[in-house]
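Each chain, letter by letter, is given below.
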Amino acid sequence: MGGLLGVFGPAAAGFGAASAAPTAAALSAGVRGVGYALDGELTHRGRFAVAFTGELYNRDPLREILLIEPGPVSDADLVAAAHRRWGAAAPQYLRGNFAYLARDSRTGRLSGARDRFGTRSLCYAQVAGNLLVAADSRSLVDIMGGAHAVAPDGLARYLGTGSVPEPGTIRRAVFRLPAGSTLDYAAGERVRVGRYWRPHFAPARVPFDAAADAVRSALRESVAVRVARGEPAGVLLSGGLASTGLAALAARVEPGVRAFAVGFEAGGFGAGDFDAARRAAGMLGLPLTEVFVTPGDVIAELPRILGQLGEPVGDPAAVPLWFLARAAARQVGTVLSGVGADELFAGPGYRRAASLAPLAEPALDALRAAGRRLLRSPAAATHPATERTAGAADGSAATAANGPTADARDGPTAGTANRPAEGATHEPAGNGPAAGAVARPAPDAVAAMQAADLLTRLPGVLATADRLAAVHGLRLRTPFLDPAVVAAATRLPERYRLLRYGPGRRALRRALRDLVPDRLPAHRRLSALAPIDRWLRGEVGEWAETVFAGSAAGDVIDVAHVRALLHAHWAGSTDNADRVWVALTFCVWHAAFLDRGRDAEPARPEAVEHMF
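Keep in mind that this is a model prediction, so the values were computed, not measured. (Residues numbered from 1 in each chain as written. Predicted model: local features only at pLDDT ≥ 70, side-chain atom pairs only at ≥ 80, totals over all residues. Heavy atoms only, no water.)

Peer 1: I keep staring at the packing of helix α6 (residues 208-226) against helix α16 (residues 483-490) and nothing clicks. Help me out?
Peer 2: Between two packed helices, the angle of one axis relative to the other and the distance separating the axes together describe the packing. Packing of α6 against α16 leaves a shortest axis separation of 8 Å and a crossing angle of 165°. Accordingly, the angle class assigned to the pair α6 and α16 is roughly antiparallel. Crossing geometry of α6 relative to α16 is assigned as left-handed. Residue-level inspection shows Ala214, Val215, Ala218, Leu219 and Ser222 of α6 in contact with α16, the latter providing Ala484, Val485 and Ala488. Residues belonging to the contact of α6 with α16 are distributed by class as follows: 7 nonpolar, 1 polar and no charged. (Axes fitted to C-alpha atoms, helices over the stretch in contact; angles between N-to-C directions. Helix = DSSP H or I, 4+ residues; strand = E, 2+ residues; numbered from the N terminus. Parallel < 35°, antiparallel > 145°, perpendicular 65-115°, else oblique. Left-handed = near helix turned anticlockwise from the far one by under 90°. Contact = heavy atoms within 4.5 Å. Nonpolar A, V, L, I, M, F, W, Y, C, P; charged D, E, K, R; others polar.)

Peer 1: Where do I start with the pattern of salt bridges in this structure?
Peer 2: Any two side chains of opposite charge can pair, so long as their charged atoms come close to each other. By the definition in use, this model includes 22 salt bridges. Measuring nitrogen to oxygen at the nearest pair gives 2.3 Å for the salt bridge that ties Arg47 to Asp104. In this pair, Arg47 sits in the loop between β2 (41-45) and β3 (48-56) while Asp104 sits in strand β4 (residues 96-104), placing the two residues 57 residues apart along the sequence. Salt-bridge contacts for Asp466 lead to Arg120; the nearest nitrogen and oxygen are separated by 2.9 Å. Of this pair, Asp466 sits in helix α15 (residues 445-471) while Arg120 is found in the loop between β5 (110-114) and β6 (123-127), placing the two residues 346 residues apart along the sequence. Given the relative accessible area of 15%, Arg120 is considered buried. What emerges from the salt-bridge pattern is a single network uniting Arg95, Glu221, Arg226 and Asp482. (Salt bridge = Lys/Arg side-chain N within 4 Å of Asp/Glu carboxyl O. Buried < 20%, exposed > 50% of the residue type's maximum accessible area, 1.4 Å probe, protein only.)

Peer 1: What's the story with the packing of aromatic side chains in this structure? I'm lost.
Peer 2: Working definition: an aromatic ring pair is given by the centre-to-centre distance plus the angle between the planes. Scanning the entire structure with this criterion turns up 11 aromatic pairs. An angle of 25° between the planes, with centres 6.5 Å apart, marks the rings of Phe52 and Phe98 as stacked. Here Phe98 lies in strand β4 and Phe52 lies in strand β3, a separation of 46 residues in the sequence. Of the two residues examined, Phe52 and Phe98, each falls in the buried class. A ring pair is formed by Phe117 and Trp197, whose centres lie 5.0 Å apart and whose planes are at 65°; its orientation type is edge-to-face. Here the residue Phe117 occupies a position in the loop between β5 and β6, and Trp197 occupies one in the loop between β10 (192-195) and α6, the gap between them amounting to 80 residues. (Phe/Tyr/Trp six-rings, centres within 6.5 Å; stacked < 30°, edge-to-face > 60°.)

Peer 1: Got a minute to help me understand the pairing of strand β11 (residues 233-236) in this structure?
Peer 2: Of the two faces of β11, the one carrying Ala233 and Val235 and the one carrying Gly234 and Leu236 are both buried. Bridge analysis of β11 against strand β14 (residues 334-336) gives 3 bridges, and the strand direction is parallel. Bridge assignment links Gly234 to a residue of β14, and that residue is Val335. Note that β11 and strand β12 (residues 258-264) share 3 bridges and pair parallel. Bridging across to β12, Gly234 finds its partner in Arg258. In this fold, β11 hands off to helix α7 (residues 241-253), which returns the chain to β12; that crossover is right-handed. (Pairing = 2+ DSSP bridges. Right-handed = clockwise from strand over helix to strand, strands pointing away.)

Peer 1: I keep staring at the environment of Val164 and nothing clicks. Help me out?
Peer 2: Mapped onto the fold, Val164 is located in the loop between α5 (152-161) and β8 (175-176). With 148 residues separating them along the chain, Val164 and Pro312 place their C-alpha atoms 9.6 Å apart. Setting aside its immediate chain neighbours within four residues, Val164 contacts Gly154, Tyr158, Thr169 and Ile170.

Peer 1: Before we go on, may I ask you to explain the pairing of β12 in this structure?
Peer 2: Each regular strand shows side chains that alternate between the opposite faces of the sheet. Within β12, 6 of the 7 residues are buried, which leaves the element mostly enclosed by the surrounding structure. Of the strand pairs in this sheet, β12 and strand β13 (residues 288-293) are connected by 6 bridges, and their pairing is parallel. Looking at the pairing, Val262 lines up with Val291 of β13.

Peer 1: For this particular structure, what's the right way to read the sheet that holds β11?
Peer 2: Picture the strands of a sheet paired through backbone hydrogen bonds; they go either parallel or antiparallel. The strand order across the open sheet built from 5 strands is β13-β12-β11-β14-β16, with neighbouring strands paired in parallel fashion. Edge positions in the sheet fall to β13 and β16 (475-477), since each has one partner strand and no second. Across the sheet, the axes of successive neighbouring strands diverge by a mean angle of 30°, strand direction being ignored.

Peer 1: Quick question: what am I supposed to make of the packing of α7 against helix α8 (residues 274-284) here?
Peer 2: Their axes nearest at 10 Å, the elements α7 and α8 cross at an angle of 20°. When the axis of α7 is compared with that of α8, the two are roughly parallel. The way α7 lies across α8 gives a crossing that is right-handed. Two secondary-structure elements touch here, α7 through Thr244, Ala247 and Ala248 and α8 through Ala280, Met283 and Leu284. Considered class by class, the residues forming the contact of α7 with α8 number 5 nonpolar, 1 polar and no charged.

In structure tokens, the structure reads:
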């Protein structure tokens, strides 16, 4: 999804789709807004007008439950019908990757929602009495003016950790609706945000094999609804447990499934380590495409990668994903990714991470402090109100001026958080309200770490991956994050998630026992595979030096200090790869989005209607 999705308020007059002009249906609905959704849908059914982007995987059950007559029905139509029946609780019944806005013509209220893990993004800002909503912050600042206003606190967090926790963004006065949350707005009010879903680990007393079978059944069905028979599909294959299991399940649905693996010129997932993917593909009889990335490729493509995103991305995984998506799009329309498997089933490193949990907050404070040291004016980024909440498990941050107001319910409509699904006797499992919208203590330290990752780290990873895949016309689907798979995983006791020694994901290994070998090589995340250490000591580091030397970002970050870190990295006296890489991505992004528009006349919010 790109471009502007909606403007609501006195400056708005219509609501368009795929063009600058508002549609007749939207105008007749009385929707106050000007805008468009480049790859979304717009519908007006009865009292609701809906702008939707993404895809739903429970279309047929929803049609049956909502008593929709036969005939063409879009996902936006289903959302409109869901709001008619369930009101504010509607997002809980949706299964898929989505972001949407729904306006009620009776009340004049605007509702919005993102899927549980935030695959699709939704940003907003309130300016001069108008609410602006878009897929990314870039589309908003083009209209707001002040396009060069970087939020000091957001920048400090980005430079320290490589990301800005939701609901913050790197742009001043622009907010991102958190994953698993809803937006509620009416003219003259502040935006209200409430969480309708959060991961809740509640171990059940069940035999190990029964628990593993539940995981297997949910994952098999999740893959089946994401891979269409007769349509070309692929799997991002590392040769590890999660991706090999997905490939095996996908091949049973569509025998023509293809595999894609990435390697680098030096270090990381180097050329020799293609062997694991080759073994897995050979065992399953899948054709394998090997994507080889060189430092020269990184230099040529990193500006293009960051140019597709509304904000800088410090996760090195964006680089291999870009090349994988480009190669896969030449052969298939859909790829499956194992993203989420580690977070749900306690992959490698979780036992040690849990043992170090008491040190997590001090370590995060140290990273924030390191980020502030890279700022030109560190004091500008020290906001006590936001620092207190920066490490919150739900990824929230304190409210800033014109920012969101936390809904006191912190979840769905009062009384719906943990009640049975309406009509549970006849509504299919997985289509009812999501239990666990209200925060509860984790049963163990490992579960606490898993929940924190699912809430804070994963949404940014997913939104970036989805955007980069979409640029190449590719649909990226994540079967491990299906509600039924999540439900099965969060019921596992710790002893089913972790082995006493060796790799984790014990229940997942058991669930896939007849599909993958007992012993598979341990593979790291894409972000750990990208050899940024070696890149920055060689050709990419030399290029980074020229980027820093010519960057106009010196008014917000201490470029001289960053260059000193790079030189120390070259000398081998310290490993500064992570800090230098994050600073490099910011400077490249800054050049793409801020430098080029420095002399442009900012658009005035009161003249928004003339821009379309």
